[in-house]
Amino acid sequence: MKAYFHIKDEIRILGIDDSALISDTITIVGAFFRGGMWLDGVLRSDISRDGLDATTRIIEMVRQSKHFLQIRIIMLDGVTYGGFNPVDIVQLNEETDIPVIVLMRKLPDFEKIETALSHLPEKEKRMKIIKKAGNISKVITKDVSNPVFIQCCGIKQELAARIVHLSSTRSNIPEPLRVAHLIATGIILGESRGKA
């Protein structure tokens, strides 16, 4: 964990979200933002539906980007992508040297997750990766009655909460994740859909 972390209004954040689950190959999109103000770049990659390649593919996408050296935070919309393809946020942090913040709209129901995983191969490995994301804390962004929840690696939770709050400029969801969602669903479905 970085001992000192300076948070500027225009901190460079890479928000990553996935597209709709309409095939075995799922597109993921990264929206590279200055704080919660404006978009500076877009990245894309593909992962397997219900696979185990999300961590590797995100690391490759980040490290191969021309924005790599500018990214100060990687922000994920949940810890699983493409169905139940889990992201190991500890490995992602270690292999990029960039702090990771996972954002959730509601607290995860681990019993339901375990039930869903029972239909997939290597369910123990998947659950271990999901639980490895660590402690969950509540953050108030725009709407006091509608908090979001975060997990993080490589950054203290209070600093991660400040970054989530700072980048949530237009809704309860940080702008890098909101825009990544709009782009990902728009590319695959022809028009953005779902809760952004």
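Just so we're clear, the structure is a prediction, and the values are computed from it rather than from any experiment.

Colleague: Can you break down the overall build of the protein chain residue by residue, with the values?
Modeller: Secondary structure summary: the protein chain contains six helices and nine strands in total. Relative to the compact-globule value of 16 Å for 196 residues, the protein chain shows a C-alpha radius of gyration of 15 Å, a close match. Viewed in the frame of its principal axes, the protein chain has a C-alpha envelope of about 45 × 35 × 35 Å. For the protein chain, buried positions account for 51% of its 196 residues. If you sum the accessible surface of the protein chain, you get close to 9700 Å²; carbon and sulfur atoms cover 49% of it. On the protein chain, the mean spot of the 27 positive side-chain charges and the mean spot of the 24 negative ones are 4 Å from each other.

Colleague: So, unusual backbone geometry: which residues are in play, and what are the values?
Modeller: In the Ramachandran plot, D50 falls in the positive-phi region, its phi being about 55° despite a non-glycine side chain. If you trace the backbone, D50 turns up in the loop between β3 (38-48) and α1 (54-63).

Colleague: So what's going on with the sheet that holds strand β9 (residues 148-153)? Which residues, and what values?
Modeller: With mixed pairing, the seven strands of this open sheet are ordered in space as β3-β2-β1-β4-β7-β9-β8. Every interior strand has two partners, whereas the edge strands, β3 and β8 (137-139), have only one. Sheet twist, expressed as the average angle between the axes of neighbouring strands with direction ignored, equals 30°. For strand β7 (residues 100-104) and β9, the ladder comprises five bridges, and the chain directions are antiparallel. Note that in β9 the partner of M104 across the bridge is F149. Helix-sheet contacts for α1 involve β1 (12-18), β2 (25-34), β3 and β4 (73-77), and the interaxial angle to β3 is about 145°.

Colleague: Residues and numbers for the state of the cysteines, please.
Modeller: Taken as a whole and assessed by the stated rule, the structure comprises zero disulfides. Lacking any disulfide linkage, C152 is separated from the closest cysteine sulfur, that of C153, by 7.8 Å.

Colleague: I'd like a description of the packing of α1 against helix α2 (residues 89-96), backed by residues and values.
Modeller: Describing two packed helices takes the angle between their axes plus the distance from one axis to the other. For the pair α1 and α2, the least separation of the axes is 10 Å and the interaxial angle reads 25°. What the angle tells us is that α1 and α2 run roughly parallel. Both α1 and α2 take part in a crossing whose hand is right-handed. Of the residues in α2, those touching α1 at T55, I58, I59, V62 and R63 are Q91, L92, E95 and T96. Class assignment of the residues belonging to the contact of α1 with α2 gives a composition of four nonpolar, three polar and two charged.

Colleague: I'd like a rundown of the layout of surface pockets, residues and numbers included.
Modeller: Space inside the largest pocket adds up to approximately 760 Å³. Only β1, β7, α3 (110-117) and α6 (175-189) provide two or more residues apiece to the lining of the largest pocket. By residue class, the composition of the lining of the largest pocket is ten nonpolar, eight polar and eight charged.

Colleague: Let's hear about α1: which residues, and what values?
Modeller: Turning to α1, its buried residues number three or more, namely A54, T55, I58, I59, M61 and V62. Looking down the long axis of α1, one finds its buried residues gathered within 165° of arc, a one-sided arrangement. Close packing links the buried residues of α1 with β1, β2, β3, β4, β6 (85-86) and α2.

Cut-offs used in this document
- Each chain has its residues counted from 1, following the order in which its sequence is written.
- Per-residue local features are limited, in this predicted model, to residues with pLDDT of at least 70; the limit for side-chain atom pairs, both in listing and counting, is 80 or more; totals at the level of whole chains, interfaces and linings are taken over all residues.
- Side-chain measures were taken over the full set of non-hydrogen atoms in the model, leaving aside hydrogen atoms and water.
- Put simply, DSSP H or I for four residues or longer makes a helix, DSSP E for two residues or longer makes a strand, and each gets a number counted from the N terminus.
- The size measure is the radius of gyration over C-alpha atoms, and the globule rule it meets is 2.2 Å times the number of residues to the 0.38 power.
- Accessible area is worked out with a 1.4 Å probe on protein chains only. A residue is then buried under 20% of its type maximum, exposed over 50%, and partly exposed in between.
- To be clear on the numbers: accessible area is Shrake-Rupley with a 1.4 Å probe, and residue cover counts the displayed protein chains and nothing else.
- Note on charges: Lys and Arg go in the positive column, Asp and Glu in the negative column, and His and the chain ends are not counted at all.
- By convention, the charge on Lys lies at NZ, on Arg at CZ, on Asp at CG and on Glu at CD.
- By the convention used here, strands pair only if DSSP detects at least 2 bridges between them.
- Working convention: axes come from line fits to C-alpha atoms, limited for helices to the stretch in contact. Angles between N-to-C directions cover 0 to 180 degrees.
- Any two residues whose heavy atoms approach within 4.5 Å are treated as being in contact.
- By convention in this document, the label disulfide applies to cysteine sulfur atom pairs within 2.5 Å.
- Working definition: roughly parallel below 35 degrees, roughly antiparallel above 145 degrees, roughly perpendicular at 65 to 115 degrees, and oblique for all remaining angles.
- A crossing counts as left-handed when the near helix is turned anticlockwise from the far one by less than a right angle, and as right-handed when that turn is clockwise.
- Each residue gets one of three labels, nonpolar for Ala, Val, Leu, Ile, Met, Phe, Trp, Tyr, Cys and Pro, charged for Asp, Glu, Lys and Arg, and polar for the others, Gly among them.
- Both cavities and pockets are sets of points on a 1 Å grid over the protein atoms alone; in a cavity a 1.4 Å probe fits but cannot get out, in a pocket the set is open with protein on both sides within 12 Å along at least five of seven lines, and lining residues sit with an atom within 4 Å of a point.
- Grid points are joined across faces, edges and corners, and a volume is the space filled by probe spheres set on the points.
- The arc in question is the one spanned by the directions pointing from the helix axis to the C-beta atoms.

The quantities given are spatial measurements derived from coordinates; they are silent on function.
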